[in-house]
Every structure is written in structure tokens, then in C-alpha cells.
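Now for the letters of each chain:
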Amino acid sequence: LVNCTSIDWFHEWPEEALVSVSHRFLSEVELITPELCQSISRFMAYVHGSVNQMSKVYLANERRYNYTTPKSFLELIALYSNLLTKKHTDLLNKMERLEGGLEKLKNTAAQVDDLKVKLAAQEVELKQKNEDADALIKKVAVEQEKVGKEK
């Protein structure tokens with residue numbers, strides 16, 4: 001008879017205990033401000049209580065047990081802090097990438113401005129050389145006419 005017996009040792013934690021435990025663990029996370037820590041702690045306690053209530057409904061409807069243990073609550077806290085840290089790191093990486101891209105755009109814009117100044121100076125030189133070339137062509141054409149008449 002003892003071999004086939006299982007004892008349900010899991011009791012619900014009071015909400016105050018859940019809030020206290022979550023607040024203690026979340027206060028160690030540097031990314032969470034104290035004001036935010038309190039509201040997150042209350043929300044985690046609410047979620048854990050909601051899961052307990054839905055587990056009772058699940059048991060009534062499906063006749064299957066779903067246990068929420070203190071370990072699962074601690075895993076929820078650890079999951080939240082790990083996910084927060086990961087997303088914060090991802091966000092910092094994206095911000096650095098964006099800043100690098102903006103810096104490259106600024107450098108490129110400065111280079112384009114320098115090239116525009118050089119191009120304007122070269123256009124003036126080109127215009128002068130074109131005028132000189134046109135004058136030389138006219139001079140050569142006049143001299144060819146002279147040579148053609150002399151023959």
C-alpha cells in the first residue's frame with residue numbers, strides 16, 4: 001500500500017511571500033530600478049497565483065495535475081532576469097551599431113563636401129583649358145587656311 005501512495009506536499013505560498021522572494025532576487029539585478037522592482041515583484045506574484053488558479057481549473061476540467069512549486073517560481077525569476085540581461089545586451093549592441101553607422105555617414109558626407117569643393121575648382125580649370133583649346137583650334141584652323149591658300 002505504501003509503494004503506490006503519493007503525498008501532495010505542495011502548498012501555495014502566500015502572496016506576500018512571493019512578493020518578498022521575488023523582490024529579494026530582482027533587487028540584485030542592476031538593470032531594474034527600485035521603483036520598478038516593486039511592481040515587477042507584485043506582477044510575478046500575481047502571475048504565479050494566476051497559474052495556481054488555472055491549475056485548479058485544469059484539474060477540474062481535464063483531471064490532470066499541474067504543479068507550481070517554489071522552484072518553478074524561482075525559475076520564473078531567473079528566466080526574467082536572464083532575458084532582461086540578454087535583451088539589454090542586444091539593445092546596447094544595436095545602439096553601438098547604429099552609432100557606428102551614423103559616424104560613417106557623417107564621414108562620408110564630409111568627404112562628399114570636400115570632393116564637391118575639389119570638383120568646383122577643377123571645373124574652373126577645365127573651363128579655362130577648354131577656352132584655351134578652342135582658341136588654339138581656331139588659330140590652327142586659320143593657319144591651315146593660310147597654308148592651303150599658299151599651296
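Attention in this report is confined to the structure presented alongside it. (Residues numbered from 1 in each chain as written. Predicted model: local features only at pLDDT ≥ 70, side-chain atom pairs only at ≥ 80, totals over all residues. Heavy atoms only, no water.)

## With respect to the nonpolar core
Right, on to step 1. Core analysis: the largest hydrophobic core is formed by 11 residues, namely Leu 18, Val 19, Leu 26, Val 29, Ile 32, Cys 37, Ile 40, Met 44, Ala 45, Phe 73 and Ile 77.
Right, on to step 2. Among the secondary structure elements, those contributing two or more residues to this core are helix 1 (15–26), helix 2 (34–62) and helix 3 (70–150).
Right, on to step 3. Considering every element that reaches this core, the biggest residue donor is helix 2, with 4 residues.
Right, on to step 4. In contact with Ile 77, other than residues within four places in its own chain, are Val 21, Ser 22, Phe 25, Leu 26 and Met 44. (Core = buried A, V, L, I, M, F, W, Y, C linked by side-chain atoms within 4.5 Å. Buried < 20%, exposed > 50% of the residue type's maximum accessible area, 1.4 Å probe, protein only. Helix = DSSP H or I, 4+ residues; strand = E, 2+ residues; numbered from the N terminus. Contact = heavy atoms within 4.5 Å.)

## Details of a nonpolar patch on the surface
Right, on to step 1. Residues Leu 59, Tyr 65 and Tyr 67 make up a contiguous nonpolar surface patch of roughly 330 Å² in combined accessible area.
Right, on to step 2. You can see Leu 59 is positioned in helix 2.
Right, on to step 3. The partly exposed category is assigned to Leu 59, whose relative accessible area is 31%. (Patch = residues over 30% accessible without salt bridge, like charges linked within 9 Å, V, L, I, M, F, W, Y side chains within 5 Å. Areas by Shrake-Rupley, 256 points an atom, 1.4 Å probe, with all protein chains shown as cover. Salt bridge = Lys/Arg side-chain N within 4 Å of Asp/Glu carboxyl O.)

## What about the packing of helix 1 against helix 3?
Right, on to step 1. The geometry of helix 1 relative to helix 3 is characterised by a closest axis approach of 10 Å and an angle of 35° between their N-to-C directions. In terms of crossing hand, the pair formed by helix 1 and helix 3 is right-handed. Residue-level inspection shows Leu 18, Val 21, Ser 22, Phe 25 and Leu 26 of helix 1 in contact with helix 3, the latter providing Phe 73, Leu 74, Ile 77 and Tyr 80.
Right, on to step 2. Looking at the contact of helix 1 with helix 3, its residues break down into 8 nonpolar, 1 polar and no charged. (Axes fitted to C-alpha atoms, helices over the stretch in contact; angles between N-to-C directions. Left-handed = near helix turned anticlockwise from the far one by under 90°. Nonpolar A, V, L, I, M, F, W, Y, C, P; charged D, E, K, R; others polar.)

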